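Understanding the architecture of this molecule
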Amino acid sequence: MNKTPSAFTANVELPLVLENDDSVKWHDEADVIIVGFGGAGVAAALQAREAGASVLAVDRFSGGGATAMSGGVVYAGGTRYQHEAGFLDTAEEMFKYLVSEGTPVNDKTLRDFCDTSSESIEWLTKYGVKFGSTVYSERIAYPPDGYFLYYTGMEKFRNTAKPAPRGHRTVGKGPTGRFYFPPLKEAALGNGVRLMTHSPVRRLVVDAQGCVVGVDIQAIPPEKQAEHAAICSKVNPYKMLNGGPAEEAIAECREFEAALPPRRLFLRAHRGVILAAGSYNYNLQLFGRYRPIVLKAFRELVRGGTMGCDGSGIELGTTVGGGLSHMDRLFITKPLSPPNSFVNGILVNAEGRRFITEDAYLGNVGCAVSEQSREGFAWVVLDRTTFWKGVRELAWPLKNMFSWYGLPAVLNILLGGTKRGKSIRELATKLEIDPDVLEATVRDYNANAGRGTDALGKLKMHLAPMSKPPFYALNMSLRNKWGFSGTMPYGGLTADETTGNVTRADGSIIEGLYAAGRTAVGICSESNFSGLSIADTVYSGRRAARAAAAHSRGVIGDSTRTPSKAIVS
Ligand SMILES: Cc1cc2nc3c(=O)[nH]c(=O)nc-3n(C[C@H](O)[C@H](O)[C@H](O)COP(=O)(O)OP(=O)(O)OC[C@H]3O[C@@H](n4cnc5c(N)ncnc54)[C@H](O)[C@@H]3O)c2cc1C
């Protein structure tokens, strides 16, 4: 017999609709149930406890999610750490800057996010996260050890707002998400949050009126949990060239979970269920639907996150009619710098033309590269002066070369297929680009650079005519596995901007269901840079928790609601 293929790509099922609340045997209950115990989940849990609600959090694996793997940077303005560093930043300047970058949320929400960002940092500090005030002023994706405040976006290169370093990096060595999450988890457990690990939520439970009243989980037996965790750990953004092996591990985990005794448990939520289950970064089927280029290039890309980023939270929301938006929005990093000198070069596509200013934010460069022909073909062309200046920056001090931000650049130069030509024409031929077009591109660029202007708006400080042969081309193509492009999708469920309730395509609220973090469309879903996503998990997690803790069944809507600006796709 033919089976109807599931409409869902993750391991989720249609909701269970109850005739009455006692139609199922509830295994456990709480006021608020949180699906996913990563960044948004832990923030929601702490906030719900502050509001006096009992909380049960469940996680497919051990918790922590992408947040614990992350750089631990939180974006905020007007904080005491900035003040200590001598920056009198304000929420207003932060707002002006974020507006200029673009966001799917309406101005009221963005303003609230900015106004409360300093308080959010204090709130995190209260629960044990440590921040610092040593500033790193250079342009960089992530600061070296010892620096805890930096410019994560393009603040210094825009004239829309007074610049200030707003990236608050958690204190610690290396990527410090591993120092950000544990104190929050400890605080949550210490404050009475109960956590069930190795408990993937498979479906939502709704009452006859459509209000979400609980979840149905698969309970992984205790004796199998270590094996479950071991399979999960095979997906790790810090493992080099792991795109292919990650997919094998995902399939292994699906089979492992399917082969277990079918033990399902119903958990009852008296006030609300918060979906905080992360993004869909490890769901290739969803990429096939929304961003096919990632499906083609997954072996070469570094997908940020854990195996838990499987899109199941997003799809659980759609099982009860949740709308989706920004599902094709992608954050792809393509760092031209470090070394800083490489920003002086020109980035060209297969047609031999420039397509974005080279000093744009690395996430915008990556996105633009992914949209170029020949599956994201892009090379940065440098002359002798800029190439060797960059190499020297990477090589000295020696620790730069072996740092986790310097090493990828070195590997790309050595292994990415770097080309050299005595002339631009010769270089173009080696790149299989029309030599006439590339020559014209360089000629125009040089002429403008000589006058201190640029057709794409590159800053004067980064303009340098390219005149000294030989010329070099470094491979910035999406499919270059030595390019180490980090990728994360930023779309998700549409959510009411006042309450965090999941909304339907028509904007109406789904009672009892909330979404936060990367399961929902958030502040960072249009234009993301370091720190904004975690800041959004705190903001949206706390927002959902406040609303869920205050919710009484049968009461939907809120007179203070602000309609969401997000466009439903
Ligand atoms: C290497 C790296 C560096 C980064 N650096 C930064 C940074 O410095 N600053 C920044 O702002 N952003 C950064 N990001 C992005 C940021 O970490 C994430 O976007 C953000 O932390 C996501 O938080 P979340 O709560 O939505 O999801 P997560 O933290 O991923 O949590 C989701 C949880 O849900 C669980 N889950 C999933 N499905 C289910 C289910 N069906 N049932 C139960 N549980 C489920 C998962 O196991 C997981 O624990 C980085 C990401 C990476 C990977």
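The following refers to the structure shown.

Analysis parameters
- Residues numbered from 1 in each chain as written.
- Predicted model: local features only at pLDDT ≥ 70, side-chain atom pairs only at ≥ 80, totals over all residues.
- Heavy atoms only, no water.
- Phe/Tyr/Trp six-rings, centres within 6.5 Å; stacked < 30°, edge-to-face > 60°.
- Buried < 20%, exposed > 50% of the residue type's maximum accessible area, 1.4 Å probe, protein only.
- Lys NZ or Arg CZ within 6 Å of the ring centre and 35° of its normal.
- Near = heavy atom within 4 Å.
- Polar contact = N/O pair within 3.5 Å; in protein donor to acceptor, adjacent residues only side chain to side chain.
- Areas by Shrake-Rupley, 256 points an atom, 1.4 Å probe, with all protein chains shown as cover.
- Helix = DSSP H or I, 4+ residues; strand = E, 2+ residues; numbered from the N terminus.
- Nonpolar A, V, L, I, M, F, W, Y, C, P; charged D, E, K, R; others polar.
- Pairing = 2+ DSSP bridges.
- Axes fitted to C-alpha atoms, helices over the stretch in contact; angles between N-to-C directions.
- Contact = heavy atoms within 4.5 Å.
- Salt bridge = Lys/Arg side-chain N within 4 Å of Asp/Glu carboxyl O.

1. Describing the packing of aromatic side chains
Going through the model one piece at a time under the given rule, you end up with 20 aromatic pairs. Taking 4.8 Å as the distance between ring centres and 50 degrees as the angle between the ring planes, the aromatic pair formed by Tyr280 and Phe287 counts as tilted. Judged by relative accessible area, which is 0%, Tyr280 ranks as buried. Ring geometry for Trp482 against Phe484: centres 6.1 Å apart, planes inclined by 75 degrees, an arrangement best described as edge-to-face. Like Trp482, the residue Phe484 is buried in the burial classification. Counting every residue linked through ring pairs, the aromatic cluster contains Tyr75, Tyr97, Phe331, Tyr361, Tyr490 and Phe529. It is Arg111 that lies over the ring of Phe95; its NZ or CZ is 3.9 Å from the centre.

2. Structural notes on the site of the ligand
Taken together, 41 residues lie near the ligand, and Ala40, Asp59, Thr67, Ser533 and Ile534 sit nearest. Residue Ala40 places a main-chain N or O atom 2.8 Å away from an oxygen atom belonging to the ligand. Note that a nitrogen atom of the ligand is positioned 2.9 Å from one of the backbone N or O atoms of Gly71. Contact with the protein chains removes 94% of the 1000 Å² of surface that the ligand exposes when unbound. Elements with a minimum of two residues in the shell around the ligand: helix H1 (39–50), helix H2 (65–69) and helix H20 (532–550). In terms of residue class, the shell around the ligand is built from 17 nonpolar, 20 polar and four charged.

3. Considering the sheet that holds strand E17 (residues 419–421)
Taken in spatial order, the four strands of this open sheet run E15-E16-E18-E17, and their pairing is antiparallel. The open sheet has two edge strands, strand E15 (346–348) and E17, and neither has a second partner. With strand direction ignored, the average angle separating the axes of adjacent strands in the sheet is 25 degrees. Direction of pairing for strand E16 (residues 379–382) relative to strand E18 (residues 471–475): antiparallel, over a ladder of four bridges. Bridge pairing in E18 places Val380 opposite Leu474.

4. Remarks on the environment of Leu124
Within the element layout of this structure, Leu124 appears in helix H6 (residues 117–126). Once the C-alpha coordinates of Leu124 and Tyr180 are considered, the two residues, 56 residues apart in sequence, prove to be 9.0 Å apart. Not counting residues up to four positions away in its chain, the partners in contact with Leu124 are Val74, Val129, Phe131, Tyr180, Leu184 and Val538.

5. A word on the pairing of E16
Burial of E16 is two-sided: the residues Trp379 and Val381 facing one way and the residues Val380 and Leu382 facing the other way are all buried. Pairing of E15 with E16, which is carried by three bridges, proceeds in the antiparallel orientation. Bridge assignment links Val348 to a residue of E16, and that residue is Trp379.

6. Details of the pattern of salt bridges
Per the stated rule, a full pass over the model turns up 33 salt bridges. Glu93 is paired through a salt bridge with Lys96; the nearest N and O atoms lie 3.1 Å apart. Taken together, the positions of Glu93 and Lys96, both in helix H4 (residues 91–101) and three residues apart, correspond to about one turn of that helix. Judged by relative accessible area, which is 15%, Glu93 ranks as buried. Its salt-bridge partner being Lys234, residue Glu252 comes within 2.9 Å of it at the nearest N-O pair. Of the two residues, Glu252 sits in helix H9 (residues 243–259) while Lys234 sits in the loop between helix H8 (225–232) and H9, which places them 18 residues apart along the sequence. Through salt bridges with shared partners, one network takes in Glu13, Arg203, Asp216 and Arg264.

7. Regarding unusual backbone geometry
Residue Pro339 follows Pro338 across a cis peptide bond; omega there is 5 degrees. Structurally, Pro339 can be placed in the loop between strand E14 (330–332) and E15. The residue after Pro469, namely Pro470, is reached through a cis peptide bond having omega -5 degrees. Tracing the backbone through its elements, the reader meets Pro470 in the loop between helix H19 (435–451) and E18. Unlike most non-glycine residues, His326 shows phi in positive territory, near 60 degrees. For His326, a relative accessible area of 12% gives the class buried.

8. Comments concerning the environment of Ser423
Tracing the chain through its elements places Ser423 in the loop between E17 and helix H18 (424–431). Along the chain, Ser423 and Lys468 lie 45 residues apart, while their C-alpha atoms are 9.2 Å from each other. A polar contact is formed between the side chain of Ser423 and the backbone nitrogen of Glu426, at a distance of 3.0 Å.

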